[in-house]
Amino acid sequence: MIQRLGLTLATLVLLAGCASGPKTPQLSERQFYEDAQAAIKANNMSLAIERLQGLESRYPFGRYASQAKLDLIYCHYRALDYEASAATAERFVNTHPDHPQLDYAYYMKGLASYSVDRGLLERFIPSDFTERDMGPARESFEDFNRLINRFPNSLYAADARQRMVYLRNLLAAYELRAAEFYMRRGAFVAAANRGRYVVENFDTSPSVANALVVMAEAYTELDQPELRDSSVAVLKANFPQHPRLESGAFEYEKTQRGRRSWANILSFGLID
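This write-up is about the structure you can find in this document. All values derive from a computational prediction rather than experimental measurement.

Things to note about the overall build of the protein
(1) Moving on: Each helix and strand in the protein was counted, giving twelve helices and zero strands.
(2) Moving on: Put simply, the protein runs from its N terminus to its C terminus through helices and strands in the order α-α-α-α-α-α-α-α-α-α-α-α.
(3) Moving on: Classification of the 272 residues of the protein by burial places 39% in the buried group.
(4) Moving on: Accessible surface for the protein amounts to roughly 16,400 Å². Of this, 55% is attributable to carbon and sulfur atoms.

Some points on the packing of aromatic side chains
(1) Moving on: Counted under the stated rule, the structure contains ten aromatic pairs.
(2) Moving on: For the ring pair tyrosine 114 and tyrosine 166, a centre distance of 6.3 Å and an interplane angle of 85° mean the geometry is edge-to-face. Of this pair, tyrosine 114 sits in helix 6 (residues 102–115) while tyrosine 166 sits in helix 8 (residues 157–184), and the two are 52 residues apart along the sequence.
(3) Moving on: Of the aromatic side chains, those joined through ring pairs into one cluster are Tyr104, Tyr107, Phe144 and Tyr156.

Notes on the side chain of serine 85
(1) Moving on: Summarising the element assignment, serine 85 is placed in helix 5 (residues 82–95).
(2) Moving on: Looking at serine 85, the relative accessible area reads 0%, which means it is buried.
(3) Moving on: Ignoring any residue separated from it by four or fewer positions in sequence, one finds serine 85 in contact with Ile73, His76, Tyr77 and Ala112.

Considerations on the packing of helix 4 (residues 65–78) against helix 6
(1) Moving on: Packing of helix 4 against helix 6 brings their axes to within 11 Å, and their N-to-C directions diverge by 20°. In terms of their interaxial angle, helix 4 and helix 6 are classed as roughly parallel. The crossing of helix 4 and helix 6 is left-handed. Along its contact with helix 4, which presents Leu70, Ile73, Tyr74 and Tyr77, the element helix 6 presents Tyr104, Ala105, Met108, Leu111, Ala112 and Ser115.

Overview of the pattern of salt bridges
(1) Moving on: Taken as a whole and judged by the stated rule, the model has 15 salt bridges.
(2) Moving on: Note that aspartate 35 is salt-bridged to arginine 51, the shortest N-O span being 3.2 Å. Of this pair, aspartate 35 sits in helix 2 (residues 29–41) while arginine 51 sits in helix 3 (residues 45–58), and the two are 16 residues apart along the sequence.
(3) Moving on: With its nearest N and O atoms 2.6 Å apart, the salt bridge here joins arginine 194 to glutamate 175. Remark: glutamate 175 occurs in helix 8 and arginine 194 occurs in helix 9 (residues 188–201); sequence separation between them is 19 residues.
(4) Moving on: Given a relative accessible area of 23%, arginine 194 falls into the partly exposed group.
(5) Moving on: Several salt bridges converge on common partners, so that one network encompasses Glu90, Lys109, Glu139, Asp143 and Arg146.

Analysis parameters
- Residues numbered from 1 in each chain as written.
- Predicted model: local features only at pLDDT ≥ 70, side-chain atom pairs only at ≥ 80, totals over all residues.
- Heavy atoms only, no water.
- Helix = DSSP H or I, 4+ residues; strand = E, 2+ residues; numbered from the N terminus.
- Buried < 20%, exposed > 50% of the residue type's maximum accessible area, 1.4 Å probe, protein only.
- Areas by Shrake-Rupley, 256 points an atom, 1.4 Å probe, with all protein chains shown as cover.
- Phe/Tyr/Trp six-rings, centres within 6.5 Å; stacked < 30°, edge-to-face > 60°.
- Contact = heavy atoms within 4.5 Å.
- Axes fitted to C-alpha atoms, helices over the stretch in contact; angles between N-to-C directions.
- Parallel < 35°, antiparallel > 145°, perpendicular 65-115°, else oblique.
- Left-handed = near helix turned anticlockwise from the far one by under 90°.
- Salt bridge = Lys/Arg side-chain N within 4 Å of Asp/Glu carboxyl O.

So, to be careful, I would describe these as geometric facts and stop short of saying anything about function.
Now the structure itself:
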């Protein structure tokens, strides 16, 4: 009697668990896909994602399987879930290396990677992205670069190139800010290295001129006249109208710029 009662209770618990769990509709592959397309048209991304994921789990090798993955990349992006969009695109690239729409996956991964860590408020409140983590921007740049290298004639190549120009300038500005930070802290070797990195890797960006200025200043502080003169010569040849060349010669005086105040030291660099 006790044993039968225990079995009855176990059965009731199991049935209650099944009743309270999520219900997945019993649809055909085509119904899953058509429901997803209808939801996309209605801008109901949550339902579209639910149907596409249901299609993936129920029919992983069906006729709509690969297209469902591509649609899922788009739906996650539209739902502002950029990490999921990028991850889905990466999986598609790895599992479908010869797919005719592989360029789209690369392109969407680039868009999603750059949008990671961008909050909803940033759509309305501008922010200085050079003060943020540049990891997603670098990853996005590489994604677009892979797209252009593999599919130079893709429909998405022109837009990817334009975005790469912006990303290149953004990364260069970030490196320049780091170089200027090191100058203020008196870390002249690090400042010179970051400035040189900008010049060597982002030669077409607007940050190059000021990177050369940082290099010239850092080499002045390090008592490296040959490296300073070389940096100034490149600055004069390429940016003769730069404010630091207003008098015809490079203008820089050793000041307190590289020396830290007691307040700066005691605050661990938080106060200049």
